[in-house]
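Here is how the chains run, residue by residue.
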Protein chains: 2
Amino acid sequence: MARDANPIEHLIDLMARLPGLGPRSARRAVLHLIRKRAILLAPLAKAMADVAERARECLNCGNVGTSDICPICADEGRANGLLCVVEEVADLWAMERGGTFKGRYHVLGGTLSALDGVGPEDLRIPQLLQRIGAEGVTEVILALNATIDGQTTAHYIADQLEDRGVQLSSLAQGVPIGGELDYLDDGTITAALNARKRL
Amino acid sequence: MARDANPIEHLIDLMARLPGLGPRSARRAVLHLIRKRAILLAPLAKAMADVAERARECLNCGNVGTSDICPICADEGRANGLLCVVEEVADLWAMERGGTFKGRYHVLGGTLSALDGVGPEDLRIPQLLQRIGAEGVTEVILALNATIDGQTTAHYIADQLEDRGVQLSSLAQGVPIGGELDYLDDGTITAALNARKRL
């Protein structure tokens, strides 16, 4: 065998465990890395070691960064009473790419799921309730995914916040920008129709 | 911004340069890595550093490994006069996964291409001609891809070897095992028909 128990084979095995890569694409990636050893493989090894050492969760909101309190939570300009609740860090990053939201975030770390035995205590829901008082939050935007679990979680949080005197909202549902009706599912079209806007 | 000029952003940028990953899947991979820091990110950083330091091309055949002469070239049991010529290291690995070829390999490092200005000297063709005499090669299997450039390169090598007294062969073309006729291109069907076997 060309690659028995050697470092290259080991690297391929590890790479194949990344989401979106399988054994075949991991081999392709590793050969590419070896070809670009100086400009890609070595810097990547260093960047990974760096992140492995420094990455941490924000103690306040659950965002991933390199400090105990993330730059968004540390930014006093964003303490404007708006709090956007998302499922995962990836959703927070997606919202930030939008670039229009100027409040703070709260990352739940998943959704409630009776099937998988995920209860409120397994998510960052107690911390959410605590923050609402402590940070003077006036509006909570529930930016959870439009899935069954996401909407179940949104309803649970809405129930918990019912008598806390905060405004609750959720993201609008409808046709995506650039979306073609023919490719949309029926649920989205129904939602867009029900929420139609007068011109 | 949540990730301005920080190590996580830097890692995402590098990951997005891997084949098969784009900015979105790189972000997903990095979040996955951070969640699995101890069992995946740290080992991966170490494995990459290890490969960056130790990987080298076999001086004889061009295979990638961790020694100057790869295990296949070093294996005297494989000095049986059979030499399989492939375009890339990935092709060599694919042949080895097949597990039936017990000769040695020669990795060209690409194909001849007038368009891209790739001539015989840019590939490992001179080394191939040198090996045929030095290693007592009796049969050369041209396992190049069934593309225009691959076949052009195969013809060029066949020309070079015409009076060297070695048997030349190429891989059979036909229907892949498990392949369905309906999904095959016309060229493959024609090739399979022309090379049909009596039962």
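By the naming in an unreviewed UniProt entry, chain A is Recombination protein RecR, taken from Mameliella alba. Quoted verbatim from the Function (unreviewed entry) field of the UniProt record, the comment on chain A reads "May play a role in DNA repair. It seems to be involved in an RecBC-independent recombinational process of DNA repair. It may act with RecF and RecO."

(A) Highlighting the relation of the copies chain B and chain A. By a simple turn and slide, chain B fits onto chain A: the slide is 0.0 Å along the axis, the RMSD is 0.1 Å, and the turn is 180°. On the angle and the small slide along the axis, the relation comes out as a two-fold axis. When C-alpha positions in chain B are compared against the rotation axis, the closest is assigned to A45 of chain B, at 2.3 Å. Most of the interface of chain B is mirrored in chain A: 100% of its interface residues are interface residues there too.

(B) Focus on the UniProt feature "zinc finger region: C4-type" (unreviewed entry) in chain A. Those residues carrying the UniProt feature "zinc finger region: C4-type" (unreviewed entry) are residues 58-73 of chain A in this numbering. Within residues 58-73 of chain A, the helical portion is 19% and the strand portion 12%, while the C-alpha atoms at the span's ends are 8 Å from each other.

(C) Up close: helix 7 (residues 148-160) of chain B. Residues and elements named next belong to chain B. Counted at 1.5 Å a residue, the expected span for helix 7 with its 13 residues is 18 Å, and the 19 Å between its end C-alpha atoms agrees. Residues of helix 7 that are buried: G150, T153, A154 and I157. For helix 7, the angular spread of the buried residues around the axis is 105°, confining them to a single face. Exposed and oriented more than 90 degrees from the buried face of helix 7 are I148, H155 and D159. Of the surrounding secondary structure, the elements contacted by the buried residues of helix 7 are strand 3 (82-86), helix 6 (125-134) and strand 5 (139-142).

(D) Expanded view of the side chain of E87 of chain B. Tracing the backbone through its elements, the reader meets E87 of chain B in the loop between strand 3 and helix 5 (89-98). One buried charged side chain, E87 of chain B, makes no salt bridge at all; its nearest oppositely charged neighbour is R35 of chain A, positioned 10 Å away. Those residues in contact with E87 of chain B, other than ones at most four positions away along the chain, are V107, L108, G109, G110, T111, L144, N145, T147 and G150 of chain B.

(E) Seen up close, the side chain of D91 of chain B. All names here are of chain B. Mapped onto the fold, D91 is located in helix 5. Summary of buried charges: D91 has no salt-bridge partner, and the nearest side chain of opposite charge, R97, is 8.1 Å away. Ignoring any residue separated from it by four or fewer positions in sequence, one finds D91 in contact with V86 and N145.

(F) A look at the interface of chain B and chain A. Every contact between the two is made by 54 residues of chain B and, on the other side, 54 residues of chain A. Summed over both sides, the interface of chain B with chain A buries roughly 4900 Å², with 75% coming from carbon and sulfur. When residues of chain B are sorted by the area they lose upon contact with chain A, P19, M48 and W93 of chain B head the list and together hold 14% of the total. For the pair chain B and chain A, the interface holds 0 salt bridges. Linking chain B with chain A are 4 residue pairs in polar contact (both at pLDDT 80 or more), by the criterion used here. Here the residues of the side of chain B that touches chain A are counted per class, giving 35 nonpolar, 6 polar and 13 charged.

(G) Here's a closer look at the domain arrangement of chain A. Each assigned domain of chain A is listed here: domain 1 (7-54) and domain 2 (76-170). The C-alpha-based centres of domain 1 of chain A and domain 2 of chain A are spaced at 35 Å.

(H) Expanded view of a nonpolar patch on the surface. Taken together, V175, L181 and I189 of chain A make up a surface patch of nonpolar side chains, about 240 Å² in accessible area. Classification of V175 of chain A by relative accessible area gives partly exposed; the value is 37%.

(I) Structural detail: the sheet that holds strand 3 of chain B. All names here are of chain B. The strand order across the open sheet formed by 4 strands is 4-3-5-6, and the pairing between neighbours is parallel. Of all strands in the sheet, those with a lone pairing partner are strand 4 (104-107) and strand 6 (167-170), marking the two edges. On average, adjacent strands in this sheet sit at an angle of 25° to one another, irrespective of strand direction. Across 4 bridges, strand 5 lies against strand 6 in parallel orientation. Each residue of the ladder has a partner; that of V140, found in strand 6, is L168. Its contacts with the sheet put helix 5 on strand 3 and strand 4, and the angle it makes with strand 4 is roughly 160°. Running over the sheet, helix 6 touches strand 3, strand 4 and strand 5 and is turned about 155° from strand 4.

(J) Here's a closer look at the pattern of salt bridges. Residue and element names in this part refer to chain B. Within this structure, the stated rule accounts for 14 salt bridges over all chains. A salt bridge links E76 to R104, with the nearest nitrogen and oxygen atoms 4.0 Å apart. Residue E76 is found in the loop between helix 4 (71-74) and strand 3, and its partner R104 is found in strand 4; the two are separated by 28 residues along the sequence. Given a relative accessible area of 62%, E76 falls into the exposed group. On the basis of relative accessible area, R104 is assigned to the buried category, the value being 7%. We note a salt bridge from E135 to R104, for which the minimum N-O separation is 3.2 Å.

The rules we used
Residues numbered from 1 in each chain as written. Chains lettered and ligands numbered in written order. Predicted model: local features only at pLDDT ≥ 70, side-chain atom pairs only at ≥ 80, totals over all residues. Heavy atoms only, no water. UniProt positions renumbered as here; feature names shortened; annotations may be inferred. Least-squares fit on C-alpha atoms with pLDDT ≥ 70 in both. Contact = heavy atoms within 4.5 Å. Helix = DSSP H or I, 4+ residues; strand = E, 2+ residues; numbered from the N terminus. Expected span 1.5 Å × (residues − 1). Buried < 20%, exposed > 50% of the residue type's maximum accessible area, 1.4 Å probe, protein only. Arc of directions from axis to C-beta. Lys, Arg positive; Asp, Glu negative; His and termini not counted. Salt bridge = Lys/Arg side-chain N within 4 Å of Asp/Glu carboxyl O. Buried area = accessible area lost by both parts, 1.4 Å probe. Polar contact = N/O pair within 3.5 Å; in protein donor to acceptor, adjacent residues only side chain to side chain. Nonpolar A, V, L, I, M, F, W, Y, C, P; charged D, E, K, R; others polar. Domains from an automatic or database assignment. Patch = residues over 30% accessible without salt bridge, like charges linked within 9 Å, V, L, I, M, F, W, Y side chains within 5 Å. Areas by Shrake-Rupley, 256 points an atom, 1.4 Å probe, with all protein chains shown as cover. Pairing = 2+ DSSP bridges. Axes fitted to C-alpha atoms, helices over the stretch in contact; angles between N-to-C directions.

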